[in-house]
Amino acid sequence: MTESSQAEANEVCVVDDDPSVLKSIHYLLASEGFKVRPFNKAEDFLAHASTHHVPIVVTDIWMDDVTGLELLARLCAISPKTKVIVITAREDLAARATAMAIGPVAFFMKPFDDEKFITAVRDALNPVQ
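This one's a predicted model, so the numbers in the text were calculated from it and none came from an experiment.

S.K.: Talk me through the overall build of the protein chain; I want residue IDs and the actual numbers.
M.R.: The secondary structure content of the protein chain amounts to 6 helices and 5 strands. Tracing the protein chain from N to C terminus, the helices and strands come up as α-β-α-β-α-β-α-β-α-β-α. Relative to its full complement of 129 residues, the protein chain shows a buried share of 43%. A fraction of 64% describes how many contacts in the protein chain between residues 6 or more apart in sequence connect residues 24 or more apart.

Structure below.
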């Protein structure tokens, strides 16, 4: 594995249109040693995912333009092996049920427990064989 593909294999993409949330999740993941690629627009992330290996993405559900649910549906078509962690500040049972049907590895309500979130990211990147 080349150095760049090794780095890509451990990269966590984060998609959230709230700059403060994007920055705080970026800092949290980086402080734990993860390589983080932040996106404030779902379209930008989807363009990246169509040309790069994306092992895991953390995405908000409620974003302007393209929602997290739309992102998940489109991601399934272009990168079906990408693991997904869903975050949201709004409890919406229909959105949660739809997201869970698509199959995220974890679902967190903001604000979430940092340790549980980091554990979910680690588990998604290093699944038990």
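On we go from here.
S.K.: Report on the pairing of strand E4 (residues 83-88), specifying residues and quantitative values.
M.R.: Among the 6 residues in E4, 5 count as buried, and that is most of the element. Crossover strand E3 (residues 56-60) to E4 through helix H4 (residues 68-78) is right-handed. Pairing analysis gives 4 bridges linking E4 to strand E5 (residues 106-109), with the strands arranged parallel. Residue pairing in the sheet places Val86 in a bridge with Phe107 of E5.

S.K.: So what's going on with the nonpolar core? Which residues, and what values?
M.R.: Counting residues in each nonpolar core, the largest one holds 22 residues, and the members touching the most others are Val12, Leu29, Ile85, Phe117 and Val121. Those elements that provide at least two residues to this core are strand E1 (11-15), helix H2 (19-31), E3, E4, E5 and helix H6 (114-125). Beyond its immediate chain neighbours, meaning those up to four positions away, Leu29 contacts Val12, Val14, Phe34, Val36, Phe117, Ile118 and Val121.

S.K.: So what about the sheet that holds E3? Which residues, and what values?
M.R.: Sheet architecture is open: 5 strands sit in the order E2-E1-E3-E4-E5, paired in parallel fashion. Where the open sheet ends on each side, the last strands, each with one partner, are strand E2 (35-39) and E5. Shown here is a sheet whose adjacent strand axes are inclined to one another by a mean of 20 degrees, direction ignored. With 5 bridges connecting them, E3 and E4 associate as parallel partners. Bridge pairing in E4 links Val57 to Val84. The strands that H4 touches are E1, E3 and E4; relative to E3, the one it contacts most, it runs at about 155 degrees.

S.K.: Quick one: what's the story with the pattern of salt bridges, residue by residue and with numbers?
M.R.: Summed over the entire model, instances satisfying the criterion amount to 6 salt bridges. One salt bridge in this structure joins Glu11 and Lys35, with 3.1 Å as the shortest N-O distance. In this pair, Glu11 is assigned in strand E1 and Lys35 in strand E2, connecting sequence segments 24 residues apart. Taking relative accessible area as the criterion, Glu11 reaches 1% and is therefore assigned buried.

S.K.: Give a description of the environment of Ala106 that names residues and reports values.
M.R.: Locating Ala106 in the fold gives a position in strand E5. Distance in space between the C-alpha atoms of Ala106 and Val121 is 8.7 Å, their sequence separation being 15 residues. Filtering out sequence-adjacent residues up to four positions away, Ala106 remains in contact with Val84, Ile85, Val86 and Ala120.

What counts, and at which threshold
- Residues numbered from 1 in each chain as written.
- Predicted model: local features only at pLDDT ≥ 70, side-chain atom pairs only at ≥ 80, totals over all residues.
- Heavy atoms only, no water.
- Helix = DSSP H or I, 4+ residues; strand = E, 2+ residues; numbered from the N terminus.
- Buried < 20%, exposed > 50% of the residue type's maximum accessible area, 1.4 Å probe, protein only.
- Contact = heavy atoms within 4.5 Å.
- Right-handed = clockwise from strand over helix to strand, strands pointing away.
- Pairing = 2+ DSSP bridges.
- Core = buried A, V, L, I, M, F, W, Y, C linked by side-chain atoms within 4.5 Å.
- Axes fitted to C-alpha atoms, helices over the stretch in contact; angles between N-to-C directions.
- Salt bridge = Lys/Arg side-chain N within 4 Å of Asp/Glu carboxyl O.

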